[in-house]
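Chain by chain, the residues:
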Amino acid sequence: MQIKPLIYSLREKITLTIFMIVCFSAGMNAQTHYSSNVAIGGKLGLDFSRIFFNPHVTQGMLTGTTFGFTARYIEENHFGLIGECNFAQRGWTENFEGAPYKYSRTLNFVDICFLAHIYFGGRVRFFFNAGPQAGLYLGEKVTANFNPEEMQHLPDFPNINRINEQMLLPVNMKFDYGISASLGCEYNLNKRNSISLEGRFYFGLANVFSTKRADTFNASNQMTVSVSAGYWFRVK
């Protein structure tokens, strides 16, 4: 059996295969070449939030406002990166289960988001965004029809089989951080202008209140569903 001719024949086949793969890849790159796209814009919407308390607290959704500035960079077809700077209102509303009392606590934040942007479509695009988010706590506003410091002395106030300490506890964090994920659609008005509609979920990993062994809560994480409308202007 002649080994060298067999080796040469195998080498030629491998060389030819590699050459064909390189040519095919070059052809695919030429066909899928995508010019970069840079856009800036803004967004405005509503936040619907609550706190994940452990132990459980009976509560409702707090409605707040969110708005901010956005920037997007797309280098590859169907994929890009988004950066956002937003003002957001999060918190919760107490549910007194029929008792004539009202209490809500609004926490104000400036958020920075870095999101992976995956999209499909032409003039009408559908997209998925996901990535980390960090927020700076600015302050809070409490709205109530009673004085929380005197709730133990109020008639018919629901103090039995209910946790109420969260209405008096101070916010323990200065920074919040967590994960955001969203779905939405975008409509291109022309080559430079587009509008979008987005629904987003955010889960905060930082605790709003202290979670030491002697504290009331083991966890107090923010959860938010937001709906917003946006505008994009393509600068490149």
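As the structure is a computational prediction, the values presented were derived from the model and not from experiment.

**Student:** If you had to explain the overall build of the protein to someone new, which residues and values would you point to?
**Tutor:** Assigned secondary structure in the protein consists of one helix and nine strands. The linear arrangement of helices and strands in the protein, starting from the amino end, is α-β-β-β-β-β-β-β-β-β. Partitioning the intrachain contacts of the protein with sequence separation of at least 6 by distance along the chain shows that 68% fall at a separation of at least 24. For the protein, the exposed surface amounts to about 14,100 Å²; the carbon and sulfur share of it is 64%.

**Student:** Tell me about the confidence of the model for the protein, residues and numbers included.
**Tutor:** Chain-level statistics for the protein give a pLDDT mean of 87 and a share of 86% at 70 or above. Note that residues 1–8 has pLDDT below 50 and, in this model, one contact with residues that lie over four places away or in other chains.

**Student:** So, the packing of aromatic side chains: which residues are in play, and what are the values?
**Tutor:** A full pass over the atoms with the stated rule returns 15 aromatic pairs. In this structure an aromatic cluster arises from ring pairing among Phe53, Trp92, Phe96, Tyr101, Tyr103, Phe146, Phe157, Phe209 and Phe217. When the ring centre of Trp232 is taken as reference, the NZ or CZ atom of Arg72 above it lies at 4.3 Å. Arg90 extends its terminal NZ or CZ atom over the ring of Phe109, reaching a point 4.3 Å from the ring centre.

**Student:** Can you break down the pairing of strand β1 (residues 37–54) residue by residue, with the values?
**Tutor:** Examined bridge by bridge, β1 and strand β3 (residues 62–76) share 13 bridges and lie antiparallel to one another. Residue pairing across strands places Ile40 opposite Ala71, the latter belonging to β3. Pairing of β1 with strand β9 (residues 219–234), which is carried by 16 bridges, proceeds in the antiparallel orientation. In the sheet register, Gly45 faces β9, and the bridge partner there is Ser228.

**Student:** Mind laying out the side chain of Asn164, listing which residues take part and the relevant values?
**Tutor:** Within the secondary structure, Asn164 is located in the loop between β6 (124–144) and β7 (175–188). A polar contact is formed between the side chain of Asn164 and the side chain of Arg162, at a distance of 2.7 Å. Setting aside its immediate chain neighbours within four residues, Asn164 contacts Met151, Phe157, Pro158 and Asn159.

**Student:** Kindly report on the side chain of Thr224, identifying the contributing residues and their values.
**Tutor:** For Thr224, the location among the structural elements is in strand β9. Filtering out sequence-adjacent residues up to four positions away, Thr224 remains in contact with Asp47, Phe48, Ser49, Arg90, Arg200, Phe201 and Tyr202.

**Student:** I'd like a description of the pairing of strand β8 (residues 193–207), backed by residues and values.
**Tutor:** Bridge analysis of β7 against β8 gives eleven bridges, and the strand direction is antiparallel. Residue pairing for β8: Tyr187 is matched across the bridge by Ile195. The hairpin turn running from β7 into β8, its antiparallel successor, is four residues long. Bridge count for β8 against β9 is twelve bridges, and the pairing is antiparallel. Opposite Tyr202, over in β9, you have Thr224 as the bridge partner.

**Student:** Which residues make up a nonpolar patch on the surface, and what values go with them?
**Tutor:** Taken together, Ile40, Val124, Phe126, Tyr187, Leu189, Ile195, Tyr231, Phe233 and Val235 make up a surface patch of nonpolar side chains, about 770 Å² in accessible area. Elements with a contribution of two residues or more to the nonpolar patch: β6 and β9. Within the fold, Leu189 resides in the loop between β7 and β8. The exposure class of Leu189 is partly exposed, given its relative accessible area of 38%.

Scoring rules and cut-offs
Residues numbered from 1 in each chain as written. Predicted model: local features only at pLDDT ≥ 70, side-chain atom pairs only at ≥ 80, totals over all residues. Heavy atoms only, no water. Helix = DSSP H or I, 4+ residues; strand = E, 2+ residues; numbered from the N terminus. Contact = heavy atoms within 4.5 Å. Areas by Shrake-Rupley, 256 points an atom, 1.4 Å probe, with all protein chains shown as cover. pLDDT = per-residue confidence, 0-100. Phe/Tyr/Trp six-rings, centres within 6.5 Å; stacked < 30°, edge-to-face > 60°. Lys NZ or Arg CZ within 6 Å of the ring centre and 35° of its normal. Pairing = 2+ DSSP bridges. Polar contact = N/O pair within 3.5 Å; in protein donor to acceptor, adjacent residues only side chain to side chain. Patch = residues over 30% accessible without salt bridge, like charges linked within 9 Å, V, L, I, M, F, W, Y side chains within 5 Å. Salt bridge = Lys/Arg side-chain N within 4 Å of Asp/Glu carboxyl O. Buried < 20%, exposed > 50% of the residue type's maximum accessible area, 1.4 Å probe, protein only.

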